[in-house]
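Residue strings, one per chain:
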Amino acid sequence: MATAAGSPSCSPRTAAAAASSFSRTASSSMASHHVPSNPGVKIGPNGTAFVSSGIPDLDRILGGGFLLGSLVLVMEDADAPHHLLLLRNFMSQGVVLRQPVLFASPLGDPRAFLGTLPSPASPSKEQIKRTMAGGNDQQELEKGLRIAWQYKKYFGDQQSSSIHDRDAKQEFSNEFDLRKPLERRLVQYIETISLQDSPDIVVLRDRFSNFLSRLPRSDGDNLSASRIAIQSFCAPQCGFSERDWDMVAFIRFLKSMVRTSNMVAVVTFPTSYLQPSFLKRCQHLADTLLSVRAIPDEDKDLAKLLTGYQDMLGLLHVHKVAQMNTQVPTVLETSTFALKLLKRRSLVLERLNQAPVETSSGTSYSSSGSYFAKRLLDSGKKSTHHVATIILLRKGFGGHKLQNTPLWSLHLIPDEVDIR
Amino acid sequence: MNPSFSSPTTNLLDEALGIGRTGSVPWRIALVQDCVEASGAFLLHHLLKRSLSAEAAGAVVFLGLAQPFSHYDRVLRKMGCNLSLQRNKNKLHFIDLLDLEFLVAGGTDQNAIEDGFMNLYNRILRFIEANNLMHNNGGWIRIIIDDISLLEIAAQGSSSHTFDFLQYCATLTSELDCSLLILNHGDIYSSEEDQRLLSHLDYLSDVVIKAETLSTGIAVDVHGQLTIINKRALGELGWSSSKVYNFQFKLKENAVEFFYPGTKF
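Residues numbered from 1 in each chain as written. Chains lettered and ligands numbered in written order. Predicted model: local features only at pLDDT ≥ 70, side-chain atom pairs only at ≥ 80, totals over all residues. Heavy atoms only, no water.

### Observations concerning the overall build of chain A
Link 1 in the chain: For chain A, the count of helices and strands is 13 helices and 19 strands.
Link 2 in the chain: Within chain A, the fraction of its 420 residues that count as buried is 50%.
Link 3 in the chain: The long-range fraction of contacts in chain A, counting pairs at least 24 apart against all pairs at least 6 apart in sequence, stands at 73%.
Link 4 in the chain: Summing over all exposed atoms, chain A offers an accessible surface of approximately 20,200 Å²; the carbon and sulfur share of this is 55%. (Helix = DSSP H or I, 4+ residues; strand = E, 2+ residues; numbered from the N terminus. Buried < 20%, exposed > 50% of the residue type's maximum accessible area, 1.4 Å probe, protein only. Contact = heavy atoms within 4.5 Å. Areas by Shrake-Rupley, 256 points an atom, 1.4 Å probe, with all protein chains shown as cover.)

Have a look at this one:
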């Protein structure tokens, strides 16, 4: 928090939930002055632009959304189809904003999948309450920071512009109701390609180039954006699944195509079908790298350790965040999030929280903490950054129940200890 | 942006690589190895900036396979170096290979790959010759490749063509006053049986720079650590020995901070 206030070189993209009032007021004042000619595209730092991923929480985590011109790779989990949730929201968002969408799938009939696209949710009472509650939380936090008196005058601006923000936000990204399918007349504008029909890469490449050539040209500063969604790219049903080099070459072609035009491509990958070296190549090619992991049902130990375990569908891990036109990487506060369905309708991403533990029970915290760390490490094979978890305990006065404690990770740097 | 003052105080990286004030280097071939979690592109940006500074007497050929020119332009502009200006002054020859394909319709064709590489090499050679003519064979040339794993993909995995191309570029360094800087991704080869490209590069290079994350995890203040192995360093007694440097880095928009572990405040 101190760093955001001090150094001018700190980019506003370090996604910290408790950002200082500086960056927030700066961005909110910019949002109110700048009238975007295309509401579906938000201007970002360093001459980049964002489009929404369809999941507002994910946009926030990634520092604004998916960068236009970036390639997003989602590594699937063989046990669960949660990556489809990401794809669905992404495509629906594009349709709602009238952005051209191209969908490629290894299914014989990709249009069948389009029937499952969610429709925008009407803001419910809970949602409005949630945004208000969110606003109150921030105020609490700010009070806790003991901000000097002269900054209080900015709070007034913040509250008045927050309403404007919400309206502007509604244009950029929507909450989607996964129970309501998208209207048929909107869905028909999505172009589909079946990967089964493309026997080799050259044919597939031509089809994609064809789509690119038919896109409307962006005029003046009215930035147009389009979206490409590819499901399960190297699944065995694709004709070219045996040819690793061809597939990597296609990903590279996709990246260069996306980079030189205003597009975002989201590609999901079943990781078990690729050799590890090619998987690494694709990971290097990706601008934003996400992975989705399933959580086993009825895991009693996990249920004891995490709050809200019953609602959790799976885990989303952010490995890499796109950095275009800059060399500074985005360091997230936490990179593993819980995927939840609120009221079976909308997809949210939440930080992992540790459940309260009874002090009367004899088990030591170290054992439960280390167990949890081990579970996280097992379920996140690549999350080498969770070395150990220290559970911050706040004991109630004379009480025995502990409050919910957020999960903190301890990173040891030689000669200094950094607790985040 | 102001080219008139002298280059900033040398930092740990310049010391380790032996980059002089005029931007000249004592090595011929340097290899940068990075991984998914810690990208090594900032090293290329740094060296590019040092090579194009006002006192630098040479020129740069940049094979940009990973990013478009605009990306490098913006990044270097924040670091105080105007790439478009240098390109117009012929000090920088940027070869945009973002959509490099040696493919011919109908699949891979070995001849097409060979021709593609030959064309690429000829382009580099032509620029070097033109530059030498202009400056009467004075001044050095730096060839920067970002990055070589993409050349491999463009060559459809045929390592023989990639080796040949590398060998041609390596001869350039010995015959003409060139130095070569290559970015490669080390973690791609860690599980592969065929490690030939990696070992070949390792053998050819005088300096190997490895960019990794900290073994303890990610942090906001330290983005990673560098291990520099300088193979042809001259020891005190005059015979060559390897010198190893190890320090950490933090990336900022306009510079990179290098410091020994534990000395960052």
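### Section: the packing of aromatic side chains
We describe a pair of aromatic rings using the distance from one ring centre to the other and the angle between the two ring planes.
Residues and elements named next belong to chain B.
Link 1 in the chain: Inspection of every chain in the model, using the stated rule, returns 16 aromatic pairs over all chains.
Link 2 in the chain: Plain terms: the ring middles of phenylalanine 62 and tyrosine 72 are 4.8 Å apart, the flat faces sit at 65° to each other, and that makes the pair edge-to-face. Of this pair, phenylalanine 62 sits in strand S2 (residues 59-64) while tyrosine 72 sits in helix H3 (residues 69-78), and the two are 10 residues apart along the sequence.
Link 3 in the chain: Phenylalanine 62 sits in the buried class, given a relative accessible area of 1%.
Link 4 in the chain: Centroid distance phenylalanine 69 to phenylalanine 94: 4.9 Å. Interplanar angle 70°. Geometry classified as edge-to-face. With phenylalanine 69 in helix H3 and phenylalanine 94 in strand S3 (residues 92-96), this residue pair connects regions lying 25 residues apart in the sequence. (Phe/Tyr/Trp six-rings, centres within 6.5 Å; stacked < 30°, edge-to-face > 60°.)

### Looking at the packing of helix H7 (residues 159-175) of chain B against helix H8 (residues 196-204) of chain B
Residues and elements named next belong to chain B.
Link 1 in the chain: Interaxial distance between H7 and H8 falls to 11 Å at its minimum, and their mutual angle equals 10°. In terms of orientation, H7 and H8 fall into the roughly parallel class. Where H7 abuts H8, its residues Ser159, Phe163, Leu166, Gln167 and Ala170 lie against Arg196, Leu197, His200, Leu201 and Leu204.
Link 2 in the chain: When its residues are assigned to classes, the contact of H7 with H8 shows 6 nonpolar, 3 polar and 1 charged. (Axes fitted to C-alpha atoms, helices over the stretch in contact; angles between N-to-C directions. Parallel < 35°, antiparallel > 145°, perpendicular 65-115°, else oblique. Nonpolar A, V, L, I, M, F, W, Y, C, P; charged D, E, K, R; others polar.)

### Some details on the interface of chain B and chain A
How big an interface is tends to be expressed through the accessible area that disappears when the partners come together.
Link 1 in the chain: Opposite the 52 residues of chain B that make contact, chain A presents 44 residues.
Link 2 in the chain: A buried area of about 4,100 Å², summed over both sides, lies between chain B and chain A, and 57% of it is on carbon and sulfur atoms.
Link 3 in the chain: Counting the contacts that link chain B with chain A gives 2 salt bridges.
Link 4 in the chain: Glu152(B) is the salt-bridge partner of Arg281(A), the closest N and O atoms lying 3.1 Å from each other. (Buried area = accessible area lost by both parts, 1.4 Å probe. Salt bridge = Lys/Arg side-chain N within 4 Å of Asp/Glu carboxyl O.)

### Considerations on unusual backbone geometry
Link 1 in the chain: For the peptide bond that leads from Asp146(B) to Asp147(B), omega is -15°, which places it in the cis range.
Link 2 in the chain: Summarising the element assignment, Asp147(B) is placed in the loop between strand S4 (141-146) and helix H6 (148-154).
Link 3 in the chain: The phi torsion at Asn46(A) lies on the positive side, around 60°, for a residue other than glycine.
Link 4 in the chain: Along the chain, Asn46(A) turns up in the loop between strand S1 (41-43) and strand S2 (49-51).
Link 5 in the chain: The residue Asn90(B) is not glycine, and still its phi comes out positive at about 65°.

### A word on the nonpolar core
Residue and element names in this part refer to chain A.
Link 1 in the chain: Core analysis: the largest hydrophobic core is formed by 121 residues, its most contacted members being Phe208 and Phe233.
Link 2 in the chain: At 10 residues, helix H10 (residues 244-259) tops the list of elements feeding residues into this core.
Link 3 in the chain: The residues touching phenylalanine 208, leaving out its near neighbours within four places in the chain, are Leu102, Ala104, Ile193, Ile228, Ile230, Phe250, Phe253, Leu254 and Met257.
Link 4 in the chain: The next biggest cluster of nonpolar side chains, apart from the first, holds 41 residues, and it includes Ile61, Leu86, Val95 and Leu347. (Core = buried A, V, L, I, M, F, W, Y, C linked by side-chain atoms within 4.5 Å.)

### A word on the sheet that holds strand S9 (residues 226-230) of chain A
Residue and element names in this part refer to chain A.
Link 1 in the chain: A sheet is described by the order of its strands in space; here 9 strands give the open sequence S8-S5-S9-S10-S4-S11-S12-S13-S14, paired in mixed fashion. Sheet topology places strand S8 (191-194) and strand S14 (346-351) at the edges, where each strand pairs with a single neighbour. Here the average twist between neighbouring strands, direction ignored, is 20°.
Link 2 in the chain: Where strand S4 (residues 71-76) and strand S10 (residues 263-270) come together, 6 bridges link them in parallel fashion. Each bridged residue has a counterpart across the sheet, and for leucine 73 the counterpart in S10 is valine 267.
Link 3 in the chain: Taken strand by strand, helix H9 (residues 201-213) contacts strand S5 (101-105), S8, S9 and S10, and its axis lies near 175° from that of S8.
Link 4 in the chain: Lying over the sheet, H10 contacts S4, S9 and S10, oriented at roughly 160° with respect to S10. (Pairing = 2+ DSSP bridges.)

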